Amino acid sequence: MSRWKADAAIAGLGITEMGKIYGRSAADFAAEAIALALDDAGLAKSEIDGLLINGNGNEHMTPYLQMTLGFEDLTMLNVMSAAGSTVGAMIQYAALALDAGVVNNVVLLYADAPLQENVGGGAAYAKRGQWHGMNGLRGAYGEFGGNPPYALAARRHMHLYGTTSEQFGAIAVAQRKWAQMNPRAQMTKPMTLEDHQSSRMVVDPFHLFDCCLVSNGAVAVIMTTAERARQLRQPPVYVKAAAQAAPGDNQRTGRDPGLNTGAKRASELAFSLAGITRDDVDILELYDCYTYTVLVTLEDYGYCEKGEGGAFVEDGKLGPGGALPTNTGGGQLSSYYMWGFTPLSEAVIQARGQAGERQVERNDVVVASGNGGVLNFHSTTVLSKHAA
Amino acid sequence: MPPDASEQSQRPVPVPDEASAPFFAGAARGELMLQRCRACGAFMWPVKSRCVECFSAEVEWAAASGGGELYSFVVVHQRYPGFDEPYVLATVVTPEGVRFNTSIVGADPDELRIGMQLTVVFDSVSDDVVVPKFEPVQS
């Protein structure tokens, strides 16, 4: 029985070209994604009165993006910030606000342009002079970027439960198969488990193919009320529930979000609000900054016991033809890395029935996750093509 | 083989600030300083202004025992200025119940075992700054 009262839907989706595209700013990509989404929905720019921006550290992702984009007379404007989990919070906020009548048509936006020509990632992190206070220890110890802390969590999982690198590989291989059917995917070269295992070590236990892509580009989603969505161009994708969870940590024993993530509470809450169980879910779009992130999310969503995630994914059930289609566009590992807007965009495409060769036949209930920090922040969104 | 001095000098050096000064001063005199709540006794990783357990403002700096257990470790294969790759990055948990990331010295990666006992050592990373690191307890 659904407890979620807000009757809102996704009516527009805009996805730019993705990847190593140089010479364009995040603001430029953002404008294009919004233009694409407006055209997709059949809405005029002047009809947009809400703008939610996923804060991601890019210099353009501020409230002043409103001016750069030329939006006027907004009644909702915010940069929201909970790392990769923000997408679910944005959807939640927009849905509740639409239902309350404080706004009519909301753009939800992710844009970034971290890749620059001739600049490698490593050197940028180790710039001297940035390392103040306790944060300076990370520079002294060589803890740069997201790879080490996620790898530390994965290694602990392997130690406690016997999870193997090959099991992480099964996730990468399954997702690459989906990516091969996605015209937008950055990586479509066939990948075998052997390819995964022989890909270079990045931060052991993570091979290259355990780690997500980096992309320049943008994704924009337009949300409106369910009733208004039905009058627009695309089949509405109804928001059945959106929930967040942040279990906390403070680096004390007794809590380890790297192993027991916010996915448990967020999914429990989202499924309860939507009036569904995990058995009702046809398609999963799970935030996959690393293969490990998918594995631990599946455990915490209750698809298998804690520690059994490796065995659960080993048989390839996440891939095309499998029992639990997951990351059906290739995910962040193989398609593009737009934080939570990667799983969200594919969820919308699948729910609409517009996924072409990679369309999953049963697409009544689609779930998209968001994840951020080091597995500290989670969001779960339940979507459906069915109004009721 | 240790990196040569000029290579290591390329590493980022922590810049202690007012809030973290007791931590770095402690390291300079050979003490691992954490914070402890006077009200409930909980230890916490600095810098906190209120106890993370009971929210009391009575938080003080206190020397930790210097022991630790290897909670997890990884081997970094990415190249960063000043770091001789591959190198180890570890998560250590102290008997006081505080968990943090740090370097392991005095052992090769293939000698490390999660659960092994460690002890704190102190390493000068510049003329002015000392940081704690951990090495396996010699049995």
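Structural data are supplied above this passage.
Source: prediction; values computed, not measured.

Undergrad: Residues and numbers for helix α11 (residues 291-300) of chain A, please.
TA: All names here are of chain A. Burial of α11 is extensive: 10 of the 10 residues sit out of reach of the surface. Taken together, the buried positions of α11 are Thr291, Tyr292, Thr293, Val294, Leu295, Val296, Thr297, Leu298, Glu299 and Asp300. In the segment just after α11, glycine 302 is the residue with positive phi, at about 85°.

Undergrad: How would you explain the interface of chain B and chain A if you had to name every residue and give the values?
TA: The partner chain A presents 37 residues to the 49 residues of chain B that form the contact. Roughly 3,800 Å² is buried in total at the junction of chain B and chain A, and carbon and sulfur atoms are behind 57% of that figure. The largest contributions to the chain B side of the interface with chain A come from Pro12, Tyr80 and Arg99 of chain B, which together make up 18% of the buried area. Run the count over chain B and chain A and you get three salt bridges. In this structure, the salt-bridge partner of arginine 252 of chain A is glutamate 53 of chain B, at a minimum N-O distance of 2.7 Å. Across the chain B-chain A interface, the total number found is 19 residue pairs in polar contact (both at pLDDT 80 or more). Within the residue set of the side of chain B that touches chain A, elements represented by two or more residues are α2 (21-28), β4 (67-76), β5 (87-93), β6 (99-102) and β8 (130-136) of chain B. No other element matches β4 of chain B, which puts six residues into the side of chain B that touches chain A. Along the lines of polarity and charge, the residues of the side of chain B that touches chain A split into 30 nonpolar, 11 polar and eight charged. Across two bridges, strand β5 (residues 201-204) of chain A lies against β4 of chain B in antiparallel orientation.

Undergrad: Tell me about the environment of leucine 295 of chain A, and please be specific about residues and values.
TA: All names here are of chain A. Looking at the element boundaries, leucine 295 is found in helix α11. The exposure class of leucine 295 is buried, given its relative accessible area of 0%. Residues leucine 295 and phenylalanine 71 lie 224 residues apart in sequence; the distance between their C-alpha atoms is 41 Å. Apart from residues lying up to four places away in sequence, leucine 295 is in contact with His157, Thr163, Phe168, Ile171, Gly309 and Gly310.

Undergrad: Requested: an account of the nonpolar core, with residues and values cited.
TA: All names here are of chain A. Leu108, Met223, Leu298 and Phe341 are the most contacted members of the largest nonpolar core, which totals 133 residues. Per element, the largest residue contribution to this core is eight residues, and it comes from helix α3 (residues 86-100). Here leucine 108 is in contact with Leu52, Met90, Ile91, Ala94, Val219, Ala220, Val221, Met223 and Phe341, once residues within four sequence places are set aside. Among the nonpolar cores identified, the runner-up in size contains 32 residues, and Ala26, Leu51, Leu69 and Ala220 belong to it.

Undergrad: Which residues make up the side chain of asparagine 182 of chain A, and what values do they have?
TA: Within the secondary structure, asparagine 182 of chain A is located in the loop between α7 (165-179) and α8 (193-198). With sequence-adjacent residues up to four places away left out, asparagine 182 of chain A is seen in contact with Thr188, Gly329, Ser335, Glu346 and Arg358 of chain A.

Undergrad: Which residues make up the sheet that holds strand β3 (residues 59-63) of chain B, and what values do they have?
TA: Residues and elements named next belong to chain B. One open sheet accounts for three strands, arranged β2-β1-β3; its pairing is antiparallel. With partners counted over all chains shown, the strands left at the sheet margins are β2 (43-44) and β3, one partner each. Taken together, the five bridges between strand β1 (residues 33-37) and β3 define a ladder with antiparallel strand orientation. Note that in β3 the partner of arginine 36 across the bridge is glutamate 60.

Undergrad: Tell me about the pattern of salt bridges, residues and numbers included.
TA: All names here are of chain A. Taken as a whole and judged by the stated rule, the model has 21 salt bridges over all chains. We note a salt bridge from arginine 233 to aspartate 39, for which the minimum N-O separation is 3.6 Å. Taken together, the residues span a long stretch of sequence, with arginine 233 in the loop between α9 (226-229) and β8 (237-245) and aspartate 39 in helix α1 (residues 26-41) at a distance of 194 residues. The burial state of arginine 233 is the same as that of aspartate 39; both residues are exposed.

Undergrad: Outline the packing of aromatic side chains, supporting the account with residue identities and numerical values.
TA: Tallying each qualifying case throughout the model produces 16 aromatic pairs over all chains. On the basis of an interplanar angle of 35° and a centroid distance of 4.7 Å, the ring pair of tyrosine 150 of chain A and tyrosine 290 of chain A is categorised as tilted. In this pair, tyrosine 150 of chain A is assigned in helix α6 (residues 147-161) and tyrosine 290 of chain A in the loop between β9 (283-285) and α11, connecting sequence segments 140 residues apart. On the basis of relative accessible area, tyrosine 150 of chain A is assigned to the buried category, the value being 5%. Look at phenylalanine 23 of chain B and phenylalanine 24 of chain B: their rings are 5.3 Å apart centre to centre, the planes differ by 80°, and that puts the pair in the edge-to-face class. For the pair formed by phenylalanine 23 of chain B and phenylalanine 24 of chain B, the shared burial category is buried. Three or more aromatic residues link up through ring pairs in this structure, and these residues are Trp131 and Phe144 of chain A together with Tyr80, Phe83 and Tyr87 of chain B. The side chain of lysine 45 of chain A reaches across the aromatic face of phenylalanine 71 of chain A, ending 5.2 Å from its centre.

Thresholds applied
- Residues numbered from 1 in each chain as written.
- Chains lettered and ligands numbered in written order.
- Predicted model: local features only at pLDDT ≥ 70, side-chain atom pairs only at ≥ 80, totals over all residues.
- Heavy atoms only, no water.
- Buried < 20%, exposed > 50% of the residue type's maximum accessible area, 1.4 Å probe, protein only.
- Helix = DSSP H or I, 4+ residues; strand = E, 2+ residues; numbered from the N terminus.
- Contact = heavy atoms within 4.5 Å.
- Buried area = accessible area lost by both parts, 1.4 Å probe.
- Salt bridge = Lys/Arg side-chain N within 4 Å of Asp/Glu carboxyl O.
- Polar contact = N/O pair within 3.5 Å; in protein donor to acceptor, adjacent residues only side chain to side chain.
- Nonpolar A, V, L, I, M, F, W, Y, C, P; charged D, E, K, R; others polar.
- Pairing = 2+ DSSP bridges.
- Core = buried A, V, L, I, M, F, W, Y, C linked by side-chain atoms within 4.5 Å.
- Phe/Tyr/Trp six-rings, centres within 6.5 Å; stacked < 30°, edge-to-face > 60°.
- Lys NZ or Arg CZ within 6 Å of the ring centre and 35° of its normal.

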